[in-house]
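# Examining the three-dimensional arrangement
If you want the building blocks of each chain, they are given just below.
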Amino acid sequence: MISITIIAAAFFGTLLALLVLLPLAPGWRLMDHPGGRKDHLGTTPVVGGISIALVFIAALFYVQPNAWWVAALSVLTLLILGVIDDIRDLAPSSKLLAQVGVVLLMYYLADMRLTTVGNLVGFGPIGTWFLAPVVTVFAVIGVINAINMADGIDGHAGFISLIAFSAYAYVARESALWDQYKLLLALVGSVSAFLFLNARTPWLKRAKTFLGDAGSMVLGFLIAWFAVDLTHGTGRTFSPICALWVVVIPLSDCVSLMIRRRLGGGHIFAADRQHLHHYLLARGLSVGQATMATAAASLVCATIALVGWKLHVPESAMFAGFISFFIAYHLHISRAFRDASDRKPAAERVPAEMPLG
């Protein structure tokens, strides 16, 4: 009953926040306009992320205000950064610098750090030692940007995040980490409310609100925060590689895309149409079908993570599977986009590194 109450409170709290913020969005210039690479219908408010962040901060102070203030400060910082970006489009370097600062807050003030990556090759745990700050910053920023890149069609980043929070909530419950469990349930309820007004359904033909950069950065950061929290510390048995399996879909897409951009001679943060959701749409799926396909794949991967953890599958085997998955994904999607480009007339080809529009 407590679990249901937390989810319901977060769900309706987020819906209430959305109903308050939606009419205010135009005056605050928090509107996403179609055009260029954006082909959604109509101008759409980008207040979904604000609603989720506010409800999560409220949950933090309800669960344990004294111990979780760093998380609240970090989320609030990313929220403000994202809102500014949604209004005026910040340079990638500025966002990256701010993200590094937030992760360092997490590292030094909350003692939330990656001290080991686990027993990946079968010869014992691999410690990060003096590289712990660098590894932590790199890993957390990687997840933040993976979720940000996944936020390209209605419901896509939302369902990936919902599955990740649900899987981590199960781990927290099984590990008797009750504060983390309650907060993750709040995120499950909050993201579900957002999807109620964002994901394509028979009764919702287009999204009423978007996450915005504020939302995608906050969700990515929180996924990374709990991934670290659930794998490091007393009483933790969930391995880092299992935590990565939960988000292997967006991570693979993000890393593969950056590799392809770099090999193409472009900037790794340049915009293009070579994401996973673009591939699925090009295969003839509708927006709703593409979102559900990715959600189903994410659910399978999260299940692999949880089953591997509960059955004590060696971390080296989980790591081998993770790397094999990424290589297969990268080779397949690289070939698919290359073949698609080769079939176009030369005049219609656009280099992958160039923004479309």
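Further remarks concern the side chain of H278. Tracing the backbone through its elements, the reader meets H278 in helix 11 (residues 276-282). Excluding residues within four positions of it along the chain, H278 makes contact with D272, R273 and F337.

Looking now at unusual backbone geometry. One non-glycine residue, R29, adopts positive backbone phi at about 60°. Residue position: R29 is located in the loop between helix 1 (2-21) and strand 1 (31-32).

This brings us to the packing of aromatic side chains. Per the stated rule, a full pass over the model turns up 14 aromatic pairs. A centroid spacing of 6.1 Å and a plane angle of 40° characterise the contact between W68 and W225, whose relative ring orientation is tilted. Taken together, the positions of W68 in the loop between helix 2 (48-63) and helix 3 (69-88) and W225 in helix 8 (residues 212-231) put the pair 157 residues apart, joining distant regions of the chain. On the accessibility criterion, W225 (3% relative accessible area) is buried. Where Y170 meets W309, the ring centres are 6.5 Å apart and the plane angle is 90°; that geometry is what we call edge-to-face. Of this pair, Y170 sits in helix 6 (residues 156-174) while W309 sits in helix 12 (residues 287-310), and the two are 139 residues apart along the sequence. For W309, a relative accessible area of 9% gives the class buried. Through a chain of ring-to-ring contacts, the aromatic side chains of F56, W68, F221, W225 and F226 assemble into a single cluster. One cation-aromatic arrangement involves R113 over Y107; the distance from NZ or CZ to the ring centre is 3.9 Å. In this arrangement the basic side chain of K310 is found over the ring face of W309, its NZ or CZ atom lying 5.1 Å from the centre.

Here we take up the pattern of salt bridges. Per the counting criterion, the structure on display carries 7 salt bridges. For D213, the salt bridge is made with K95, and the minimal N-O distance between the two is 3.8 Å. Separated by 118 residues along the polypeptide, D213 in helix 8 and K95 in helix 4 (residues 92-109) bring together distant segments of the chain. K95 gets classed as buried once you look at its relative accessible area, which sits at 17%. In this structure, D229 and R236 form a salt bridge, with 2.7 Å as the shortest nitrogen-oxygen distance. With relative accessibility at 5%, the residue D229 sits in the buried group. Assessed through its relative accessible area of 22%, R236 is described here as partly exposed.

A separate point is the environment of D32. Along the chain, D32 falls in strand 1. According to the relative accessible area criterion, D32 is buried, its value standing at 16%. Once the C-alpha coordinates of D32 and L276 are considered, the two residues, 244 residues apart in sequence, prove to be 22 Å apart.

Let us now look at the confidence of the model for the protein chain. Close inspection of predicted coordinates is inappropriate for parts of the model with low pLDDT. Averaged over every residue, the pLDDT of the protein chain is 91; residues scoring 70 or more account for 93%. Below a pLDDT of 50 lies the segment residues 346-357, which in the model reaches 20 contacts outside its immediate sequence neighbourhood of four places, other chains included.

A few words on helix 7 (residues 178-196). Spanning 19 residues, helix 7 covers 27 Å between terminal C-alpha atoms, matching the ideal 27 Å at 1.5 Å per step. Taking burial as the measure, the 19 residues of helix 7 include 15 buried ones, the bulk of the element.

Looking at the element boundaries, A297 is found in helix 12. Taking the relative accessible area as the measure of exposure, A297 reaches 29% and is therefore partly exposed. Here the alpha-carbon distance between A297 and I249, two residues 48 residues apart in the chain, equals 7.5 Å.

Turning our eyes to something else, we now look at the nonpolar core. Counting 115 residues, the largest nonpolar core has Y168, F221 and F238 as the members making the most contacts within it. Broken down by element, the residue count for this core peaks at 13 residues, all from helix 8. Apart from the residues within four sequence positions on either side, F238 is in contact with Y168, V171, L230, T231, A243, V246, A305, L306 and W309.

Let's shift gears to the packing of helix 6 against helix 7. Between helix 6 and helix 7, the least distance of the axes is 8 Å, while the angle of their chain directions is 160°. Classified by the interaxial angle, the pair formed by helix 6 and helix 7 is roughly antiparallel. Viewed along their axes, helix 6 and helix 7 form a crossing whose handedness is left-handed. Every residue of helix 7 that contacts helix 6 at G158, F159, L162, F165, S166, Y168, A169, A172 and R173 is listed here: W178, Q180, Y181, L184, L185, L187, V188, V191, S192 and L195.

The next subject is helix 12. Between its first and last C-alpha atoms helix 12 spans 35 Å; for 24 residues at 1.5 Å apiece the expected length is 34 Å, and the two agree. Of the residues trailing helix 12, H312 is marked for its positive phi of about 60°.

Cut-offs applied
Residues numbered from 1 in each chain as written. Predicted model: local features only at pLDDT ≥ 70, side-chain atom pairs only at ≥ 80, totals over all residues. Heavy atoms only, no water. Helix = DSSP H or I, 4+ residues; strand = E, 2+ residues; numbered from the N terminus. Contact = heavy atoms within 4.5 Å. Phe/Tyr/Trp six-rings, centres within 6.5 Å; stacked < 30°, edge-to-face > 60°. Buried < 20%, exposed > 50% of the residue type's maximum accessible area, 1.4 Å probe, protein only. Lys NZ or Arg CZ within 6 Å of the ring centre and 35° of its normal. Salt bridge = Lys/Arg side-chain N within 4 Å of Asp/Glu carboxyl O. pLDDT = per-residue confidence, 0-100. Expected span 1.5 Å × (residues − 1). Core = buried A, V, L, I, M, F, W, Y, C linked by side-chain atoms within 4.5 Å. Axes fitted to C-alpha atoms, helices over the stretch in contact; angles between N-to-C directions. Parallel < 35°, antiparallel > 145°, perpendicular 65-115°, else oblique. Left-handed = near helix turned anticlockwise from the far one by under 90°.

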